[in-house]
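So you can see what is in the structure, the chains are spelled out below.
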Amino acid sequence: MLKIAKIPYTENEVLAPKSTFKVGGTARLFLMPQTPAQLEAAIGAVRSSELKYFVTGGASNLVFPDGNYEGVIISTQAIKEIFYDADENPSLVTCQCGVSMAAFVDFCTRKNLTGAEQFAGLPGTVGGAVYMNARCFDRSISDILHSTTHLEYKEGQAHIIEDDFNAADWAYKKSPFQSTDENDQHYITQVTFRLKPAEAEEHERIAADCKKYIAERIEKGHFKYPSAGSVFKNNHAFGAPSGKLIDECGLKGLTIGGAQIAPFHGNFIINTGKASAADIKALVLAAQKAVYDKFGYNLEPEIIFV
(Lines give C-alpha, C1' and ligand atoms only; values in the text may rest on other atoms or scores of the structure.)
Protein backbone atom coordinates (compact mmCIF):
# COMPACT_ATOMS: atom_id res chain seq x y z
CA MET A 1 0.00 0.00 0.00
CA LEU A 2 2.77 2.46 0.95
CA LYS A 3 4.73 1.62 -2.22
CA ILE A 4 1.60 2.05 -4.35
CA ALA A 5 0.92 5.47 -2.79
CA LYS A 6 4.64 6.35 -3.15
CA ILE A 7 4.88 7.33 0.51
CA PRO A 8 8.52 7.28 1.68
CA TYR A 9 9.11 4.96 4.62
CA THR A 10 11.86 3.13 6.47
CA GLU A 11 11.84 0.04 8.66
CA ASN A 12 13.36 -0.33 12.13
CA GLU A 13 14.08 3.41 12.23
CA VAL A 14 16.10 4.76 15.17
CA LEU A 15 13.93 7.38 16.88
CA ALA A 16 16.26 9.18 19.31
CA PRO A 17 17.82 11.56 16.72
CA LYS A 18 14.34 12.58 15.57
CA SER A 19 13.27 14.27 18.83
CA THR A 20 14.65 17.24 20.76
CA PHE A 21 14.98 14.94 23.82
CA LYS A 22 17.26 12.57 21.84
CA VAL A 23 15.55 9.60 23.51
CA GLY A 24 13.89 6.50 22.10
CA GLY A 25 14.40 3.06 20.60
CA THR A 26 13.33 2.00 17.13
CA ALA A 27 10.05 2.09 15.21
CA ARG A 28 8.87 -0.87 13.17
CA LEU A 29 7.86 1.58 10.42
CA PHE A 30 8.64 5.28 10.01
CA LEU A 31 6.51 7.06 7.39
CA MET A 32 7.28 10.42 5.79
CA PRO A 33 4.28 11.60 3.74
CA GLN A 34 5.09 14.55 1.46
CA THR A 35 1.60 16.04 1.03
CA PRO A 36 -1.69 16.21 2.96
CA ALA A 37 -3.08 13.61 0.53
CA GLN A 38 -0.20 11.27 1.35
CA LEU A 39 -0.78 11.87 5.07
CA GLU A 40 -4.40 10.82 4.62
CA ALA A 41 -3.29 7.74 2.67
CA ALA A 42 -0.67 6.86 5.28
CA ILE A 43 -3.09 7.07 8.20
CA GLY A 44 -5.70 5.16 6.21
CA ALA A 45 -3.20 2.41 5.44
CA VAL A 46 -2.08 1.88 9.05
CA ARG A 47 -5.64 2.08 10.34
CA SER A 48 -6.80 -0.58 7.89
CA SER A 49 -3.85 -2.75 8.95
CA GLU A 50 -4.90 -2.26 12.59
CA LEU A 51 -1.37 -1.25 13.54
CA LYS A 52 -0.86 1.16 16.41
CA TYR A 53 0.51 4.48 15.19
CA PHE A 54 1.49 7.97 16.28
CA VAL A 55 1.52 11.16 14.19
CA THR A 56 4.22 13.68 15.05
CA GLY A 57 5.71 16.89 13.72
CA GLY A 58 9.08 18.06 15.04
CA ALA A 59 8.85 15.81 18.12
CA SER A 60 9.86 18.75 20.32
CA ASN A 61 7.34 17.90 23.05
CA LEU A 62 7.58 14.11 22.84
CA VAL A 63 9.31 11.27 24.61
CA PHE A 64 9.69 8.35 22.22
CA PRO A 65 9.51 4.94 23.92
CA ASP A 66 12.50 2.78 24.81
CA GLY A 67 13.06 -0.49 22.99
CA ASN A 68 11.12 -1.47 19.89
CA TYR A 69 7.91 0.38 19.06
CA GLU A 70 5.86 -2.30 17.30
CA GLY A 71 3.84 0.22 15.38
CA VAL A 72 4.14 3.13 12.96
CA ILE A 73 5.49 6.63 13.52
CA ILE A 74 4.17 9.08 10.92
CA SER A 75 6.19 12.28 10.57
CA THR A 76 4.59 15.34 8.97
CA GLN A 77 7.83 17.32 8.64
CA ALA A 78 7.98 17.02 4.83
CA ILE A 79 4.52 18.62 4.45
CA LYS A 80 5.85 22.16 4.59
CA GLU A 81 4.48 24.62 2.04
CA ILE A 82 3.63 28.20 2.98
CA PHE A 83 0.93 30.11 1.05
CA TYR A 84 0.58 33.90 1.06
CA ASP A 85 -1.18 36.31 -1.27
CA ALA A 86 -0.42 39.89 -0.28
CA ASP A 87 -2.89 41.23 -2.84
CA GLU A 88 -5.83 39.06 -1.81
CA ASN A 89 -5.34 39.28 1.97
CA PRO A 90 -2.08 40.73 3.33
CA SER A 91 -2.93 39.64 6.90
CA LEU A 92 -3.24 35.88 6.34
CA VAL A 93 -0.43 33.34 6.13
CA THR A 94 -1.29 29.68 5.55
CA CYS A 95 1.15 26.97 6.60
CA GLN A 96 0.99 23.24 6.08
CA CYS A 97 1.36 21.21 9.26
CA GLY A 98 5.04 20.35 8.83
CA VAL A 99 6.29 23.92 8.42
CA SER A 100 8.79 24.56 11.18
CA MET A 101 7.96 27.37 13.58
CA ALA A 102 11.34 28.87 12.70
CA ALA A 103 10.40 28.95 9.00
CA PHE A 104 7.00 30.49 9.80
CA VAL A 105 8.47 33.25 11.99
CA ASP A 106 11.21 33.92 9.43
CA PHE A 107 8.59 34.19 6.65
CA CYS A 108 6.57 36.70 8.70
CA THR A 109 9.71 38.74 9.39
CA ARG A 110 10.67 38.83 5.70
CA LYS A 111 7.14 39.84 4.69
CA ASN A 112 7.03 42.53 7.41
CA LEU A 113 4.15 40.90 9.29
CA THR A 114 4.02 41.39 13.05
CA GLY A 115 2.38 39.18 15.67
CA ALA A 116 4.53 36.04 15.65
CA GLU A 117 7.71 37.44 17.19
CA GLN A 118 7.22 35.73 20.57
CA PHE A 119 7.45 32.33 18.85
CA ALA A 120 10.94 32.97 17.49
CA GLY A 121 13.19 30.14 18.63
CA LEU A 122 10.31 27.77 19.41
CA PRO A 123 11.31 24.32 18.13
CA GLY A 124 8.90 21.98 16.37
CA THR A 125 6.32 22.46 13.66
CA VAL A 126 3.25 24.60 13.13
CA GLY A 127 1.01 21.54 13.49
CA GLY A 128 2.55 20.62 16.82
CA ALA A 129 2.42 24.19 18.12
CA VAL A 130 -1.28 24.46 17.24
CA TYR A 131 -2.05 21.02 18.70
CA MET A 132 -0.44 22.08 22.00
CA ASN A 133 -1.63 25.70 21.74
CA ALA A 134 1.96 26.62 22.48
CA ARG A 135 2.49 29.63 24.72
CA CYS A 136 5.61 31.77 24.65
CA PHE A 137 6.29 35.01 26.50
CA ASP A 138 2.60 35.46 27.45
CA ARG A 139 1.35 34.85 23.92
CA SER A 140 -0.51 31.74 22.76
CA ILE A 141 -0.68 30.37 19.23
CA SER A 142 -4.47 30.74 19.46
CA ASP A 143 -3.95 34.53 19.73
CA ILE A 144 -2.98 34.61 16.05
CA LEU A 145 -5.14 31.78 14.67
CA HIS A 146 -7.58 32.45 11.85
CA SER A 147 -8.59 28.91 10.80
CA THR A 148 -7.48 25.29 10.81
CA THR A 149 -7.90 22.36 8.44
CA HIS A 150 -7.80 18.85 9.83
CA LEU A 151 -8.34 15.24 8.88
CA GLU A 152 -10.72 13.14 10.96
CA TYR A 153 -12.19 9.68 10.71
CA LYS A 154 -15.82 8.81 11.36
CA GLU A 155 -17.09 5.26 10.92
CA GLY A 156 -13.87 4.42 9.10
CA GLN A 157 -14.23 7.25 6.56
CA ALA A 158 -11.77 10.13 6.24
CA HIS A 159 -13.15 13.68 6.24
CA ILE A 160 -11.33 16.98 5.68
CA ILE A 161 -12.75 19.64 7.99
CA GLU A 162 -12.02 23.37 7.84
CA ASP A 163 -12.86 25.37 10.97
CA ASP A 164 -12.74 29.09 11.61
CA PHE A 165 -11.12 30.00 14.91
CA ASN A 166 -13.55 29.91 17.83
CA ALA A 167 -12.07 31.20 21.09
CA ALA A 168 -14.42 28.99 23.12
CA ASP A 169 -12.57 25.90 21.85
CA TRP A 170 -9.17 27.07 23.10
CA ALA A 171 -7.58 27.70 26.49
CA TYR A 172 -4.15 27.83 28.14
CA LYS A 173 -2.12 25.11 26.37
CA LYS A 174 -5.39 23.44 25.33
CA SER A 175 -6.72 22.92 21.83
CA PRO A 176 -9.74 21.08 20.40
CA PHE A 177 -7.31 18.56 18.84
CA GLN A 178 -6.17 17.06 22.15
CA SER A 179 -8.76 14.30 22.43
CA THR A 180 -7.62 11.16 24.27
CA ASP A 181 -10.37 9.09 22.64
CA GLU A 182 -8.71 6.82 20.07
CA ASN A 183 -11.92 6.89 18.03
CA ASP A 184 -11.98 10.69 17.91
CA GLN A 185 -8.56 11.71 16.63
CA HIS A 186 -8.11 14.83 14.52
CA TYR A 187 -4.94 15.44 12.49
CA ILE A 188 -4.03 19.02 11.62
CA THR A 189 -3.07 19.39 7.96
CA GLN A 190 -3.04 23.17 7.48
CA VAL A 191 -3.28 26.33 9.56
CA THR A 192 -4.01 29.93 8.63
CA PHE A 193 -2.64 32.66 10.88
CA ARG A 194 -3.78 36.26 11.11
CA LEU A 195 -0.88 38.69 11.39
CA LYS A 196 -0.66 42.47 11.12
CA PRO A 197 1.05 44.02 8.08
CA ALA A 198 3.61 46.54 9.32
CA GLU A 199 5.10 49.64 7.80
CA ALA A 200 8.50 49.28 6.14
CA GLU A 201 10.21 51.16 8.96
CA GLU A 202 9.01 48.52 11.44
CA HIS A 203 11.03 45.75 9.82
CA GLU A 204 14.09 46.29 12.00
CA ARG A 205 11.96 46.27 15.14
CA ILE A 206 10.30 42.97 14.16
CA ALA A 207 13.67 41.36 13.43
CA ALA A 208 15.16 42.75 16.66
CA ASP A 209 12.25 41.40 18.72
CA CYS A 210 12.75 37.93 17.22
CA LYS A 211 16.43 38.04 18.13
CA LYS A 212 15.54 39.23 21.64
CA TYR A 213 13.21 36.29 22.29
CA ILE A 214 15.75 33.80 20.94
CA ALA A 215 18.42 35.35 23.16
CA GLU A 216 16.12 34.98 26.18
CA ARG A 217 15.64 31.29 25.43
CA ILE A 218 19.40 30.82 25.18
CA GLU A 219 19.96 32.72 28.43
CA LYS A 220 17.39 30.53 30.24
CA GLY A 221 19.24 27.41 29.08
CA HIS A 222 16.63 26.11 26.64
CA PHE A 223 19.30 24.73 24.31
CA LYS A 224 22.05 23.66 26.73
CA TYR A 225 20.99 20.02 26.69
CA PRO A 226 18.50 17.87 24.79
CA SER A 227 15.07 18.45 26.35
CA ALA A 228 11.45 19.14 25.55
CA GLY A 229 11.31 22.52 27.26
CA SER A 230 8.78 22.94 30.04
CA VAL A 231 7.69 19.58 31.43
CA PHE A 232 4.63 20.75 33.38
CA LYS A 233 1.94 23.30 32.65
CA ASN A 234 1.67 26.27 34.98
CA ASN A 235 -1.48 26.70 37.02
CA HIS A 236 -2.29 30.17 38.37
CA ALA A 237 -4.34 28.58 41.15
CA PHE A 238 -1.09 27.20 42.60
CA GLY A 239 0.23 30.71 43.24
CA ALA A 240 3.62 30.01 41.65
CA PRO A 241 4.99 28.56 38.40
CA SER A 242 5.59 24.81 38.34
CA GLY A 243 9.35 25.31 38.15
CA LYS A 244 9.36 27.36 41.35
CA LEU A 245 7.30 24.72 43.20
CA ILE A 246 9.70 22.01 42.06
CA ASP A 247 12.65 24.18 43.13
CA GLU A 248 11.09 24.72 46.58
CA CYS A 249 10.93 20.94 46.94
CA GLY A 250 14.71 20.89 46.52
CA LEU A 251 14.57 18.84 43.33
CA LYS A 252 16.81 20.89 41.05
CA GLY A 253 19.65 18.64 39.95
CA LEU A 254 17.85 15.41 40.90
CA THR A 255 19.18 12.72 38.58
CA ILE A 256 17.73 9.35 37.60
CA GLY A 257 19.82 7.43 35.07
CA GLY A 258 20.75 9.80 32.28
CA ALA A 259 17.93 12.28 32.97
CA GLN A 260 18.10 15.23 35.33
CA ILE A 261 15.84 17.99 36.61
CA ALA A 262 17.88 20.88 35.27
CA PRO A 263 20.03 22.66 37.87
CA PHE A 264 19.15 25.93 36.11
CA HIS A 265 15.35 25.47 35.74
CA GLY A 266 13.02 23.38 37.91
CA ASN A 267 10.53 22.82 35.08
CA PHE A 268 13.09 21.37 32.66
CA ILE A 269 14.16 17.75 32.47
CA ILE A 270 17.34 17.36 30.47
CA ASN A 271 19.10 14.46 28.81
CA THR A 272 22.64 14.49 30.21
CA GLY A 273 23.82 11.94 27.68
CA LYS A 274 22.15 8.56 27.87
CA ALA A 275 18.67 9.18 29.22
CA SER A 276 15.88 6.70 28.60
CA ALA A 277 12.15 7.32 28.43
CA ALA A 278 11.89 5.41 31.71
CA ASP A 279 14.38 7.80 33.37
CA ILE A 280 12.35 10.82 32.25
CA LYS A 281 9.08 9.23 33.37
CA ALA A 282 10.58 8.48 36.79
CA LEU A 283 11.62 12.14 37.23
CA VAL A 284 8.14 13.32 36.18
CA LEU A 285 6.58 11.07 38.83
CA ALA A 286 9.13 12.15 41.46
CA ALA A 287 8.38 15.83 40.83
CA GLN A 288 4.63 15.25 40.91
CA LYS A 289 4.85 13.34 44.21
CA ALA A 290 7.13 15.89 45.88
CA VAL A 291 4.96 18.86 44.90
CA TYR A 292 1.77 17.06 45.94
CA ASP A 293 3.26 15.99 49.28
CA LYS A 294 4.53 19.50 50.06
CA PHE A 295 1.82 21.73 48.57
CA GLY A 296 -1.14 19.46 47.74
CA TYR A 297 -1.01 20.40 44.05
CA ASN A 298 -1.17 17.97 41.12
CA LEU A 299 1.25 19.05 38.40
CA GLU A 300 -0.08 18.41 34.88
CA PRO A 301 2.57 17.32 32.36
CA GLU A 302 2.59 18.95 28.95
CA ILE A 303 5.17 16.60 27.46
CA ILE A 304 3.73 13.54 25.76
CA PHE A 305 4.98 9.98 26.23
CA VAL A 306 4.41 7.97 23.05
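Only a predicted model underlies this, so the values are computations on that prediction, with no experimental measurement involved.

What counts as what
Residues take numbers from 1 onward in each chain, read along the sequence in its written order. With the structure being a predicted model, the display of local features is reserved for residues of pLDDT at least 70 and the display and counting of side-chain atom pairs for 80 or more, all residues being used for whole-chain, interface and lining totals. Calculation of side-chain values draws on the structure's entire complement of heavy atoms; hydrogens and water are dropped beforehand. Starting at the N terminus, helices and strands are each numbered in turn, a helix being any DSSP run of H or I of at least four residues and a strand any DSSP run of E of at least two. Note that the radius of gyration is over C-alpha atoms, with the globule rule given as 2.2 Å times the number of residues to the power 0.38. Think of it in three bands: residues with accessible area under 20% of the maximum for their type are buried, residues over 50% are exposed, and the middle band is partly exposed, with areas taken using a 1.4 Å probe on protein chains only. To measure how exposed things are, a 1.4 Å probe is used in the Shrake-Rupley method; for residues, cover is taken only from the protein chains shown. By the counting scheme adopted, Arg and Lys are positive, Glu and Asp are negative, and His together with the chain ends is not counted. Where a charge sits is defined by one atom per residue type, namely NZ (Lys), CZ (Arg), CG (Asp) or CD (Glu). Residues belong to a common nonpolar core when they are buried Ala, Val, Leu, Ile, Met, Phe, Trp, Tyr or Cys residues joined through side-chain atoms within 4.5 Å. Contacts are residue-level and defined by heavy atoms, with any inter-residue pair within 4.5 Å sufficient. Any pair of cysteine sulfurs within 2.5 Å is marked as a disulfide. Patch membership requires more than 30% relative accessible area and the absence of a salt bridge. Residues of like charge join within 9 Å; the nonpolar side chains Val, Leu, Ile, Met, Phe, Trp and Tyr join within 5 Å. One side-chain nitrogen of Lys or Arg within 4 Å of one carboxyl oxygen of Asp or Glu is enough to make a salt bridge. Here, strands pair whenever DSSP counts at least two bridges between them. Angular values range over 0 to 180 degrees, each being the angle between N-to-C directions of two axes fitted as lines to C-alpha atoms, with helices fitted over their stretch in contact. A pair of Phe, Tyr and Trp rings is counted when the ring centres sit within 6.5 Å of each other, with Trp represented by its six-membered ring. The angle between the planes then sorts it: under 30 degrees is stacked, over 60 is edge-to-face, the rest tilted. Over a ring means this: the NZ of a Lys or the CZ of an Arg is within 6 Å of the ring centre and within 35 degrees of the ring normal. Whenever two N or O atoms come within 3.5 Å, that pair is a polar contact, provided that in protein one can donate a hydrogen and the other can accept it, and provided that, for residues adjacent in sequence, both atoms are side-chain atoms.

### Regarding the overall build of the chain
- Helix and strand content of the chain: 7 helices and 19 strands.
- Relative to its length of 306 residues, the chain is compact, with a C-alpha radius of gyration of 20 Å against a globular reference of 19 Å.
- Each principal axis of the C-alpha atoms in the chain carries an extent, and together these give about 55 × 55 × 35 Å.
- Burial status across the chain gives 46% buried among its 306 residues.
- For the chain, the exposed surface amounts to about 14900 Å²; the carbon and sulfur share of it is 49%.
- Of the charged side chains in the chain, 30 are positive and 36 negative; the average position of the first set lies 7 Å away from that of the second.

### What to know about the nonpolar core
- Phe104, Val126, Val130, Ile141, Phe193 and Leu195 are the most contacted members of the largest nonpolar core, which totals 28 residues.
- For this core, the elements supplying multiple residues, two or more each, are strand E7 (92-96), helix H3 (101-110), helix H4 (126-132) and strand E13 (186-194).
- Top contributing element to this core by residue count: H3, with 5 residues.
- With residues up to four places along the chain from it excluded, the contact list for phenylalanine 193 reads Ser91, Leu92, Val93, Cys95, Phe104, Val126, Val130, Ile141, Ile144, Leu145 and His146.
- One finds Val63, Ala240, Ala259 and Ile261 within the second-largest nonpolar core, a separate group that totals 24 residues.

### Structural notes on the state of the cysteines
- In the structure shown here, the tally under the stated rule is 0 disulfides.
- With no disulfide of its own, cysteine 95 lies 7.0 Å from the sulfur of cysteine 108, the closest cysteine sulfur.

### Focus on a negative patch on the surface
- The grouping of Glu162, Asp163, Asp164 and Asp169 at the surface amounts to a negative patch.
- Position of aspartate 164 among the secondary structure elements: in strand E12 (residues 157-164).

### Points about the sheet that holds strand E3 (residues 53-56)
- The strand order across the open sheet formed by 4 strands is E1-E2-E5-E3, and the pairing between neighbours is mixed. Among the strands making up the open sheet, the edge pair consists of strand E1 (9-14) and E3. Adjacent strand axes in the sheet meet at a mean angle of 30 degrees when their direction is disregarded.
- One ladder, built from 5 bridges, connects strand E2 (residues 26-31) with strand E5 (residues 68-75); its direction is parallel. Its bridge partner lying in E5, leucine 31 is registered against isoleucine 74.
- Along the sheet face, helix H2 (residues 36-48) touches E2, E3 and E5 and points at about 155 degrees away from the line of E5.

### Looking at the packing of aromatic side chains
- Within the structure shown, the criterion is met by 10 aromatic pairs.
- Judged by centre distance (6.4 Å) and plane angle (75 degrees), the rings of phenylalanine 264 and phenylalanine 268 are edge-to-face.
- You can call phenylalanine 264 partly exposed: its relative accessible area is 25%.
- The class for phenylalanine 268 is buried, based on a relative accessible area of 1%.
- Put simply, the rings of Phe165, Trp170 and Phe177 pair up and form one aromatic cluster.
- Seen from the ring of phenylalanine 30, lysine 18 lies directly overhead, with NZ or CZ sitting 4.6 Å from the centre.
- A cation sits over an aromatic face here: lysine 281 above phenylalanine 305, 4.7 Å from the ring centre.

### Overview of the sheet that holds strand E11 (residues 145-154)
- Strand order across the open sheet formed by 5 strands is E6-E7-E13-E11-E12, with antiparallel pairing between neighbours. Each edge of the open sheet carries a strand with a single partner, namely strand E6 (82-83) and E12.
- In terms of strand pairing, E7 meets E13 through 5 bridges, oriented antiparallel. When the bridges of E13 are listed, glutamine 96 appears paired with glutamine 190.
- On top of the sheet, H2 reaches E7, E11, E12 and E13; it is set at about 30 degrees to E11, its chief contact.
- Docked against the sheet, H3 engages E6, E7 and E13, running at close to 155 degrees with respect to E7.

### A look at the side chain of glutamine 96
- Along the chain, glutamine 96 falls in strand E7.
- Polar contacts involving the side chain of glutamine 96 include one to the main-chain amide nitrogen of lysine 80, which spans 3.3 Å.
- Within the local environment of glutamine 96, its side chain forms a polar contact with the backbone nitrogen of glutamate 81, the two atoms lying 2.9 Å apart.

### Things to note about unusual backbone geometry
- A positive phi angle, close to 50 degrees, is found at asparagine 12, a residue other than glycine.
- Along the polypeptide, asparagine 12 turns up in strand E1.
- With relative accessibility at 56%, the residue asparagine 12 sits in the exposed group.
- One non-glycine residue, lysine 22, lies in positive phi territory at about 55 degrees.
- Its place among the elements puts lysine 22 in the loop between E1 and E2.

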